[in-house]
Structures are given as C-alpha cells and as structure tokens.
Amino acid sequence: KESQAEKFQRQHMDPDTSTVTASYCNEMMKRRNMTVGQCKPVNTFIHEPLPDVQVICFQGNVTCKNGKPNCHQSSSKMRITDCRLKKGSKYPKCDYQTQQLQKSIIVACECVQYETVDFDGSV
Ligand code: 5GP
C-alpha cells in the first residue's frame, strides 16, 4: 500500500520541472492519478529537490488548517505550481488553470522518519 510519504511525493513533488506550460496541470494531475473518480479541485506541485522539502519538518512549527499541531512553514520561498480546477470543468474532463508561483509553503510532518505527509498551503 502507498504510504503517506509516498502519497505526498506523488501528489506534490516535481523537482525536475523549472518552467511550466499552460497544459502542465492538465497533464500532471492526470499522470499523478488525481483525476480518478473525481477531479481533485486544488493541488500544488513543488519544484525543489526532495531533501529541501523534507527539511521543512525542522523549520517553523505552525498549526495546520485541520487544527493539528504538526505543520511546518518553509523558511525560504519555493518554486511551486498551483493547479486549480476551472469553473465549468466536468469530470471526467478535468480542466485546470496552471499558475507558477514563488511562495513559502506549509506542510504536515509525521514521525517514523519525520517526513512530509500533507500539503497544507502557501503564504
Ligand atoms: P481557495 O483558494 O480555493 O479558497 O482554497 C484553496 C486552499 O487549498 C488554500 O487554503 C490552499 O492553501 C490549499 N491548497 C493549495 N494546494 C493544496 C494541496 O495541494 N493540498 C491541499 N490539501 N490544500 C492545498
């Protein structure tokens, strides 16, 4: 079974892409299996090396949106792409807006290896 950490990497990690095209989200949301059964409405991809994302677990501790205490905010800005389902897009045709941004990100971390397990937002 896919672990929480593996799921985080499938849904959020894309270190090798630096510039994205308008069709990036449509392709990536499909390729990373986020358009199965329904179109995932909002998802962020991170274009930074995995170790740089994993160390966020040792950076500023913040409360997660769900009230849990295990979220952490990156001390530096990261290259990210925000994928957002367009209004009027109907499953199974998942049509996304692609927006490249540079923002500090917030992730949830959990024990074992103290790994990133959830994307909580960007500020
Ligand atoms: P909206 O901007 O539509 O009001 O809310 C979108 C929310 O989703 C924001 O709070 C944003 O931080 C959050 N968000 C962005 N990317 C992701 C993601 O990949 N996963 C989750 N769970 N939330 C995300």
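Above this note sits the structure.
Model, not experiment: these values are computed from the prediction.

Rules behind the numbers
- Residues numbered from 1 in each chain as written.
- Predicted model: local features only at pLDDT ≥ 70, side-chain atom pairs only at ≥ 80, totals over all residues.
- Heavy atoms only, no water.
- 1 Å grid on protein atoms, 1.4 Å probe; cavity = no way out; pocket = protein on both sides within 12 Å on 5 of 7 lines; lining within 4 Å.
- Points joined across faces, edges and corners; volume = space filled by probe spheres on them.
- Helix = DSSP H or I, 4+ residues; strand = E, 2+ residues; numbered from the N terminus.
- Pairing = 2+ DSSP bridges.
- Near = heavy atom within 4 Å.
- Polar contact = N/O pair within 3.5 Å; in protein donor to acceptor, adjacent residues only side chain to side chain.
- Areas by Shrake-Rupley, 256 points an atom, 1.4 Å probe, with all protein chains shown as cover.

Caption draft 1: View of empty space enclosed by the protein. Per the counting criterion, the structure on display carries one cavity of 30 Å³ or more. A volume near 30 Å³ is recorded for the largest cavity. A5, F8, Q9, L50, Q54, E115 and T116 together form the lining of the largest cavity. For the lining of the largest cavity, the elements supplying multiple residues, two or more each, are α1 (4-12), α3 (50-54) and β7 (115-122).

Caption draft 2: View of the sheet that holds β7. Pairing in this open sheet of four strands is antiparallel, and the strands run β2-β3-β6-β7 from one edge to the other. Two strands lie at the open edges of the sheet, namely β2 (61-62) and β7, each paired on one side alone. Two elements, strand β6 (residues 105-110) and β7, share six bridges in a ladder whose sense is antiparallel. Paired with C109 across the strands is T116, a residue of β7.

Caption draft 3: Structural context of unusual backbone geometry. Omega for the bond connecting Y91 with P92 falls within 30 degrees of zero, at 5°, which places this linkage in the cis form. Along the chain, the position of P92 falls in the loop between β4 (78-85) and β5 (96-103). Positive phi, normally seen in glycine, also occurs at N33, with a value near 60°. Tracing the backbone shows N33 in the loop between α2 (24-31) and β1 (42-46).

Caption draft 4: Seen up close, the site of the ligand. All residues in the neighbourhood of the ligand are listed as H12, V42, N43, T44, K65, R84, F119, D120, G121 and S122. The contact in question runs from an oxygen atom of the ligand to an N or O atom on the side chain of H12, over 3.5 Å. One nitrogen or oxygen atom from the side chain of K65 is found 2.6 Å from an oxygen atom belonging to the ligand. With the chains in place, 56% of the 520 Å² that the ligand exposes on its own is no longer accessible.

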